[in-house]
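So you can see what is in the structure, the chains are spelled out below.
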Amino acid sequence: MKLIKLTPIAIVTSMMMSNAFAAEAVLNDVIVTAAPMTSPFIVETDPKQPRQPLPAHDGADYLKTIPGFTVMRKGGTDGEPVFRGMGGSRLNILVDDQNVVGGCTFRMDAPTAYIFPEAYDKMTIIKGPQTVDYPNMGSAATVKFEREPKKYDQPSSGGYLSGLIGSFGRHDEIIEVDTGNSGYYLNATGTNSQSGNYKDGSGKEYHSGYHRWSSNAAFGLTPDSNTLVEFSAGKSDGWAKYADRGMDGVKFLRENAALKIVKKNISALVDEATLQISHNKVDHIMDEVTFRSNTSMTDSARLDHQTTQVRSYAKLNLTSNIKLKTGLDLTESNHSKDSGGNNVLTDDSTFKSSGIFAELSNEISLNQRVVSGARYDMWTVDDKRSSSASDTAGQTRKEDVFSGFGRYEYQISKPYTAYVGYGYAERFPDYWELISFTRNMSATASALQSTKKEKTNQLDVGVLYKSVNLNVSLSSFYNKINDFILINYSHAGHGGASPGIASNIDATTYGAEFGVNYQVNNLRTNASIAYVRGTDDTAGQPLPQMPPLEARFGVANDFGKWTHGALVRLVSSQDRYRTNYGNIAGKDLGANGGFAIFSLNTSYKYDKKTKFYAGIDNLFDKQYAEFISRSPSQGMNFPVNPATFRVNEPGRTAWLKATIALD
Ligand SMILES: [Cu+2]
């Protein structure tokens, strides 16, 4: 499938990537902290590999094993991923190169709520504004979940089964089947995941149970080795209880269809041309009734977000050392909601963007590479609300948005690679910042027009070291964000219903992630440290939603077919905060204490195809909460812990998992 031109640095990079993959798989039968960066700015990890602590079924919890990520807890699932303190649309989340956008006006559904990682083959994180390939620039990071269809040189069929049971009534089932020959392939995946309410370390039960299922199928035609026509479709749905608010999600329907056409080796100049057309529909219902008996409230709301994308690009070999990837994309997202629970959907806004991009990679010598890119988008937003719901009803906003980056990668000597990069990303305000947080009140009436685009200027410096036994990466960043979109939740909106208002401030953040894997004989150790600090320069206050210093230490010992491992996660206290300020998903709640969480895992390889894993997370049943969390909903007999006033993390959790490859 892939035709990589083997310049020396490409060989080194791909060797590093494959080694790092192996390091992750071998080093951690159960992944407790993701592998160090595989190449500058990039972390790749296998979502089929078990992780500790046991992630919820959704994509956010899988990201939590990657240093720098933290997850805002709302209940048992659908948490909000945050990278280096940046959440919401600052993370561009893509499934098979398509943007998935949630529908909930109150942000019950981050894009990751619709992603079951184990159904994918690869998870890639690009740190910082260091790619311009996709619309909705991920100013903090780009996160990709991808399937990689098998190559069938001769007719064959295969499959994959995975099952998991755990504390609190948790069980997951996954089945994948595939068949194909040199002319076509067909694959299908089904997932099911369910959990009851979990209890925290003190035994208090949180309103947090969930159920989610998903199905996906893809049919590909490969008339020759250079041509692919693939049609794929997916459907998923479920429900989730929320400990942090007065409503629960009773429907999270996602329907998706995509057509992809790829032609490779077209000429000496044109290496590849790709066209992808996709449609994603999210239909979400939340209410106060279905999962709650102790309330007289009967509100409900239905939200619908439909995104259509067309994306086309070509990869060109300009010279033997210079490659260009260039293309264009069109995105239209239409959001609608019912009024007062009548289940009749009315459009409230349409966001459109048309973008062109170019990314140039230049192997300037055997050990040096320069990568740069530029992107231009034209955004249009229509406020389709009625004049009673918005002071900008009927108005349209148009804006040009630019982004670009450049980086230099230098292989100093065989094990060492260093890099430096600068990225500039303009981020157009999202649905939540422009529409959902804008209510009919004087302070926010003109937010559609007045909330400026956010401008990220980020410098990244890092170093990677890779030898047989030792794998180290350090990535540091310094970030100046002009017109950072801050949400102030202390500003009650129209009828007291508004979750907050959006405003622009200037902000600075800096920090680093450090990771090391080291192996001596059968003993394997790994460690990671993540740190970030942020300041609101306009107000001279801490920037909200900055996670505290975190370190993880893992150790694993091989005994033939058995591997036993242990993990300790240390998180310091956070006393830099700004109460009631945050992003579209949540806000600072106050200071939070530090904690240490111990976990154990073991794995047994029955044979090459059949593997068993088991773990105990939070071994000592500690009661704790993450700094970035949500307040428990009051008045619902939910436990409110005055010491943390947060939705606490689960207490001791035991789990058992088995995977079987059928090919
Ligand atoms: Cu909702």
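For clarity, every value in this text was computed on a predicted model and none was experimentally measured.

**Things to note about the overall build of the chain**
A count of helices and strands for the chain gives 4 helices and 31 strands. Its C-alpha atoms give the chain a radius of gyration of 24 Å, within 12% of the compact-globule value 26 Å for 663 residues. Here the chain holds 663 residues, and 59% of them are scored as buried. Taking the contacts inside the chain whose residues are at least 6 apart along the sequence as the reference set, 66% of them involve residues at least 24 apart. With an accessible surface of roughly 24300 Å², the chain has 59% of that area assigned to carbon and sulfur atoms. Across the chain, 69 positive and 70 negative side-chain charges occur, with their mean positions spaced 3 Å apart.

**As for the coordination of the copper ion**
Distances from the copper ion to its protein donors, namely Cys104 (SG), Met108 (SD), His284 (NE2) and Met286 (SD), fall within the range 2.0 to 2.6 Å. In the primary sequence, the donor residues of the copper ion line up as C-x3-M-x175-H-x1-M. With Met108 in the loop between strand E5 (98-99) and strand E6 (122-127) and His284 in strand E14 (residues 270-287), this residue pair connects regions lying 176 residues apart in the sequence. Its relative accessible area of 0% is what places Met108 among the buried residues. Assessed through its relative accessible area of 0%, His284 is described here as buried.

**What about the sheet that holds E6?**
Ordered in space as E1-E6-E7-E4-E5, the 5 strands form an open sheet in which the pairing is mixed. The open sheet has two edge strands, strand E1 (42-45) and E5, and neither has a second partner. In this sheet, E6 lies alongside E1 in antiparallel orientation, the contact comprising 4 bridges. Among the inter-strand pairings, Thr45 is bridged to a residue of E6, identified as Met123.

**Structural notes on the nonpolar core**
Core analysis: the largest hydrophobic core is formed by 51 residues, its most contacted members being Ile66, Phe69, Ile125 and Phe484. Among all residues touching Phe484, those that are not within four sequence positions of it are Met86, Arg90, Glu454, Ser503, Asn504, Ile505, Ala507 and Leu543. Ranked by size, the runner-up nonpolar core spans 16 residues in total, among them Tyr431, Leu434, Ile485 and Tyr489.

**Observations concerning unusual backbone geometry**
The peptide bond linking Gln52 to Pro53 adopts the cis configuration, its omega dihedral lying at 0°. Within the fold, Pro53 resides in the loop between E1 and helix H2 (59-63). Phi is positive for Asp96, which is not a glycine, with a value near 45°. One can find Asp96 in the loop between strand E4 (91-95) and E5.

**Considering the pairing of strand E16 (residues 322-338)**
Every regular strand shows the same layout, with side chains that alternate between the two sheet faces. As defined by bridge partners, strand E15 (residues 300-317) adjoins E16 across 15 bridges and the pair is classed as antiparallel. Residue Tyr313 lies in a different strand from E16, and its bridge partner there is Gly327. Hairpin connection between E15 and E16: a loop of 4 residues separates the two successive antiparallel strands. In this sheet, strand E17 (residues 345-365) lies alongside E16 in antiparallel orientation, the contact comprising 17 bridges. Following the sheet pairing, Leu324 is matched in E17 by Leu360.

**Concerning a nonpolar patch on the surface**
Taken together, Val420, Tyr422, Leu459, Val461, Leu474, Tyr478, Tyr510, Phe514, Ile529, Tyr531 and Leu549 make up a surface patch of nonpolar side chains, about 890 Å² in accessible area. The set of elements that each furnish at least two residues to the nonpolar patch consists of strand E20 (416-427), strand E21 (454-466), strand E22 (470-488), strand E23 (501-520) and strand E24 (523-536).

**Here we look at the side chain of Asp460**
Looking at the element boundaries, Asp460 is found in strand E21. Among the polar contacts listed, one links the side chain of Asp460 to the side chain of Gln458, at a separation of 3.1 Å. Sequence-distant contacts of Asp460, that is, excluding residues within four places in its chain, are made with Phe41, Arg84, Tyr419, Val420, Gly421, Ser476 and Phe477.

**Here's the deal with the packing of aromatic side chains**
Summed over all chains, the structure comprises 18 aromatic pairs. With a centroid separation of 6.3 Å and an interplanar angle of 40°, the aromatic rings of Tyr184 and Phe219 are classed as tilted. With Tyr184 in strand E10 (residues 184-195) and Phe219 in strand E11 (residues 210-221), the pair connects residues that are 35 residues apart, well separated along the chain. Residue classification places Tyr184 among the partly exposed positions, given a relative accessible area of 29%. A ring pair is formed by Tyr416 and Tyr465, whose centres lie 4.9 Å apart and whose planes are at 65°; its orientation type is edge-to-face. Note that Tyr416 is positioned in strand E20 and Tyr465 in strand E21, a separation of 49 residues in sequence. Residue classification places Tyr416 among the partly exposed positions, given a relative accessible area of 38%. Of the residues examined, Tyr465 reaches a relative accessible area of 21% and is grouped as partly exposed. Members of the aromatic cluster, joined through ring pairs, are Phe168, Tyr198 and Tyr206. Sitting above the plane of the Tyr160 ring, Lys48 keeps its charged end 5.3 Å from the centroid. The ring of Tyr606 has Lys561 lying over it, and the distance from NZ or CZ to the ring centre is 5.9 Å.

Rules used in this analysis
- Residues numbered from 1 in each chain as written.
- Predicted model: local features only at pLDDT ≥ 70, side-chain atom pairs only at ≥ 80, totals over all residues.
- Heavy atoms only, no water.
- Helix = DSSP H or I, 4+ residues; strand = E, 2+ residues; numbered from the N terminus.
- Rg over C-alpha atoms; globule rule 2.2 N^0.38 Å.
- Buried < 20%, exposed > 50% of the residue type's maximum accessible area, 1.4 Å probe, protein only.
- Contact = heavy atoms within 4.5 Å.
- Areas by Shrake-Rupley, 256 points an atom, 1.4 Å probe, with all protein chains shown as cover.
- Lys, Arg positive; Asp, Glu negative; His and termini not counted.
- Charge placed at Lys NZ, Arg CZ, Asp CG, Glu CD.
- Donors = N, O, S within 2.8 Å, 3.2 Å for Na, K, Ca; no water.
- Pairing = 2+ DSSP bridges.
- Core = buried A, V, L, I, M, F, W, Y, C linked by side-chain atoms within 4.5 Å.
- Patch = residues over 30% accessible without salt bridge, like charges linked within 9 Å, V, L, I, M, F, W, Y side chains within 5 Å.
- Salt bridge = Lys/Arg side-chain N within 4 Å of Asp/Glu carboxyl O.
- Polar contact = N/O pair within 3.5 Å; in protein donor to acceptor, adjacent residues only side chain to side chain.
- Phe/Tyr/Trp six-rings, centres within 6.5 Å; stacked < 30°, edge-to-face > 60°.
- Lys NZ or Arg CZ within 6 Å of the ring centre and 35° of its normal.

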